[in-house]
Amino acid sequence: MQQLATDLQASVEDAAAHLYVWALKDIPQDLRDALVDAQARETSVSGRRVLDTIVRNVDVADDAHNLVCQDTGIAVYHARVGEHFPLHPARIYEALRDGTARATLEHPLRSNAVHTITRENTGPNIGYRLPIVHWEFVADWDGLDVKCVPKGSGSENMSFLKMCVPADGVRGIKQFVLESVVDAGGKPCPPGIVGVGIGGSADYAMHLAKEAIMRPIGTRNPDPLVAQLEDELFALLNETGIGPMGLGGDVTVLQCHVEHADTHMTLNPVAVNYQCWAARRASAHISVDGTIDYDREA
Ligand code: SF4
């Protein structure tokens with residue numbers, strides 16, 4: 001049992017080390033398609049020029065086997081842990097942290113992690129409570145899914161929270177998302193994915209907004225009311241005219257994804273977490289026997 005746990009921990013570490021670099025270099029197909037689609041529908045000259053440059057940037061990264069952006073971000077993981085996966089989450093966390101550090105040192109990657117007060121570097125993209133892991137536990141399953149979503153600071157700085165009141169309703173939610181995106185302007189390197197979290201509590205709404213940006217582009221929330229809100233926000237945000245990199249144009253966002261939780265009857269929290277055009281994402285499934293299957297599109 002101990003040997004199995006040790007081997008599994010090594011597999012999770014290997015997966016994390018691969019996922020972090022893979023995500024930074026090779027963006028998923030749904031994002032590539034969304035950027036090419038944006039390029040085709042953009043009518044402003046400056047916006048089109050920006051999108052041409054972004055698509056060229058992706059091609060150059062492919063050809064040179066290099067990063068799509070210099071900001072290697074904060075390593076954020078989403079771990080779906082099966083009830084019968086025989087490695088404790090404490091060890092899964094260790095493996096994700098060690099894999100992040102290994103990738104940073106071996107590639108090498110820029111290390112962004114600093115102490116919040118001293119601003120001194122805390123290590124190879126690790127530190128106190130870094131990397132960040134979102135956990136989900138799945139009953140009647142023995143696998144582990146890990147998704148790595150490196151998050152650049154330009155877009156993470158454009159995160160917003162408002163405790164709307166219930167009387168503000170869906171209209172208040174839409175207004176806050178719109179105001180947030182307008183205030184952000186060109187700072188989060190648009191066009192990207194606007195993640196919106198609604199309901200729960202203040203902290204959980206932001207957690208949900210981060211989960212929203214981790215989904216493949218254009219997927220819709222299974223709740224039809226939430227999916228309708230995603231459609232409406234997507235159309236609304238692209239009417240702002242902010243355009244690629246804030247230089248004006250038709251394409252301000254590639255998509256808007258919304259995640260929700262039920263909430264208190266007197267709460268109506270809304271959180272916005274922006275993901276830039278370099279919406280990097282890479283996933284792996286780890287089986288009980290330690291086999292790793294990398295999944296390009298999850
Ligand atoms: S916001 Fe995104 S595209 Fe802009 S510099 Fe940061 S990682 Fe790169």
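The following refers to the structure shown. (Residues numbered from 1 in each chain as written. Predicted model: local features only at pLDDT ≥ 70, side-chain atom pairs only at ≥ 80, totals over all residues. Heavy atoms only, no water.)

The next subject is helix α2 (residues 29-41). Its 13 residues place the ends of α2 18 Å apart at the C-alpha level, agreeing with the 18 Å of an ideal helix rising 1.5 Å per residue. Taken residue by residue, α2 has Asp 30, Leu 31, Arg 32, Ala 34, Leu 35, Ala 38 and Gln 39 as its buried positions. (Helix = DSSP H or I, 4+ residues; strand = E, 2+ residues; numbered from the N terminus. Expected span 1.5 Å × (residues − 1). Buried < 20%, exposed > 50% of the residue type's maximum accessible area, 1.4 Å probe, protein only.)

Now for the sheet that holds strand β5 (residues 192-199). One open sheet accounts for 4 strands, arranged β4-β7-β5-β6; its pairing is mixed. The open sheet terminates on both sides in strands that have one partner only, identified here as β4 (159-164) and β6 (253-261). On average, adjacent strands in this sheet sit at an angle of 15 degrees to one another, irrespective of strand direction. With 8 bridges joining them, β5 and β6 adopt parallel strand pairing. Counted as the bridge partner of Ile 198 is His 260 from β6. Running over the sheet, helix α7 (residues 202-213) touches β4, β5, β6 and β7 (268-275) and is turned about 145 degrees from β5. Of the strands in this sheet, β5 and β6 touch helix α8 (residues 224-237), which is tilted by about 150 degrees from β6. (Pairing = 2+ DSSP bridges. Axes fitted to C-alpha atoms, helices over the stretch in contact; angles between N-to-C directions. Contact = heavy atoms within 4.5 Å.)

Within the fold, Lys 151 resides in the loop between β3 (144-148) and α5 (153-156). For Lys 151, a relative accessible area of 3% puts it in the buried group. A polar contact of 3.0 Å, which involves the side chain of Lys 151, links it to the side chain of Ser 155. If near-sequence neighbours (up to four positions away) are discounted, Lys 151 is found in contact with Gly 73, Ile 74, Val 76, Glu 156, Lys 210, Ile 213, Asn 273, Tyr 274, Gln 275 and Arg 280. (Polar contact = N/O pair within 3.5 Å; in protein donor to acceptor, adjacent residues only side chain to side chain.)

Let's shift gears to helix α3 (residues 45-64). With 20 residues, α3 extends 28 Å between its outermost C-alpha atoms, agreeing within 8% with the 28 Å of an ideal straight helix rising 1.5 Å per residue. Next to the buried residues of α3 lie α1 (2-25) and α2. Near the N-terminus of α3, the side chain that reaches the backbone nitrogen of Gly 47, with its oxygen 2.8 Å away, is that of Ser 44. His 65 lies just past α3 and shows a positive phi near 50 degrees.

Turning to the site of the ligand, a few remarks are in order. Every residue near the ligand is listed here: Cys 69, Gln 70, Asp 71, Gly 152, Gly 154, Ser 155, Cys 189, Cys 276, Trp 277 and Arg 280. Classifying every residue of the shell around the ligand by side-chain character gives 4 nonpolar, 4 polar and 2 charged. Shared between two domains, the shell around the ligand holds at least three residues of each, these being domain 1 (2-25 + 69-152 + 280-295) and domain 2 (153-275). (Near = heavy atom within 4 Å. Nonpolar A, V, L, I, M, F, W, Y, C, P; charged D, E, K, R; others polar. Domains from an automatic or database assignment.)

Spatial strand order, β2-β1-β3-β8-β9: 5 strands in an open sheet with mixed pairing. Every other strand in the sheet has two partners, leaving β2 (132-138) and β9 (292-295) as the edge strands with one partner each. On average, adjacent strands in this sheet sit at an angle of 20 degrees to one another, irrespective of strand direction. The strands touched by α1 within the sheet are β1 (76-82), β3, β8 (282-286) and β9, with β8 carrying the most contacts at an inclination of about 165 degrees. On top of the sheet, helix α4 (residues 89-106) reaches β1, β2 and β3; it is set at about 145 degrees to β2, its chief contact.

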